[in-house]
Amino acid sequence: MNKTSLIENIVYGEKKPSVSMVLETEFSKEIRIVFQKGQEMKEHKTAFPIIVEIFEGEIVFGVENEEYKLVKGDLVTLPASIPHHLVANENSIVRLTLSKFDTAERVQDVANKSE
């Protein structure tokens with residue numbers, strides 16, 4: 001058994017979202033992305049399907065020329081290779097579930113390019 005928390009040791013990045021891996025299992029990687037209001041992750045895509053959960057706050061999630069307002073408790077899935085972007089309407093905590101074959105470093109690279 002593994003235990004972790006999405007709300008412990010939260011650090012907001014000054015200019016970009018803060019990305020940290022909170023849990024790795026035999027089949028997935030659980031990533032926490034912490035946004036300050038107005039921060040974004042510019043358009044990007046993944047090599048594997050993902051699950052995005054809004055744990056706290058409100059995010060605009062852009063997919064295929066559409067934008068969706070996601071709020072606390074919302075979950076979305078996205079197949080591989082679909083361009084998407086995120087913008088925080090308020091301070092937010094996002095849980096991102098990645099395939100075991102994906103990397104947290106890729107997510108960090110996307111956040112770094114969003115400065």
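See the structure shown above.
Residues numbered from 1 in each chain as written. Predicted model: local features only at pLDDT ≥ 70, side-chain atom pairs only at ≥ 80, totals over all residues. Heavy atoms only, no water.

(A) View of the pairing of strand 4 (residues 50-56). Sheet topology places strand 4 next to strand 7 (residues 75-78); four bridges connect them, and they run antiparallel. Bridging from a neighbouring strand, V52 pairs with V76 of strand 7. Pairing of strand 4 with strand 9 (residues 92-99) involves five bridges; the strand directions are antiparallel. Along strand 9, the bridge assignment pairs E56 with I93. (Pairing = 2+ DSSP bridges. Helix = DSSP H or I, 4+ residues; strand = E, 2+ residues; numbered from the N terminus.)

(B) Quick peek at unusual backbone geometry. The phi dihedral of E64 is positive, around 45 degrees, even though this residue is not glycine. Counting through the fold element by element, E64 comes out in the loop between strand 5 (58-63) and strand 6 (66-71).

(C) Structural detail: empty space enclosed by the protein. Using the criterion set out here, one finds one cavity of 30 Å³ or more in the structure. For the largest cavity, the calculated volume is near 100 Å³. Lining the largest cavity are 14 residues, and of these I33, H44, H84, L86 and L96 lie nearest its centre. Those elements that provide at least two residues to the lining of the largest cavity are strand 3 (40-44), strand 4, strand 8 (84-88), strand 9 and helix 1 (104-112). Ranked by residues supplied to the lining of the largest cavity, first place goes to helix 1 with three residues. Of the residues assigned to the lining of the largest cavity, the class counts are ten nonpolar, three polar and one charged. (1 Å grid on protein atoms, 1.4 Å probe; cavity = no way out; pocket = protein on both sides within 12 Å on 5 of 7 lines; lining within 4 Å. Points joined across faces, edges and corners; volume = space filled by probe spheres on them. Nonpolar A, V, L, I, M, F, W, Y, C, P; charged D, E, K, R; others polar.)

(D) Main features of the side chain of S28. Note that S28 resides in strand 2 (residues 28-35). Reaching out from S28, the side chain makes a polar contact with the side chain of E30 at a distance of 3.0 Å. Residues in contact with S28, not counting those within four places in the same chain, are L23, T97, L98, S99 and K100. (Polar contact = N/O pair within 3.5 Å; in protein donor to acceptor, adjacent residues only side chain to side chain. Contact = heavy atoms within 4.5 Å.)

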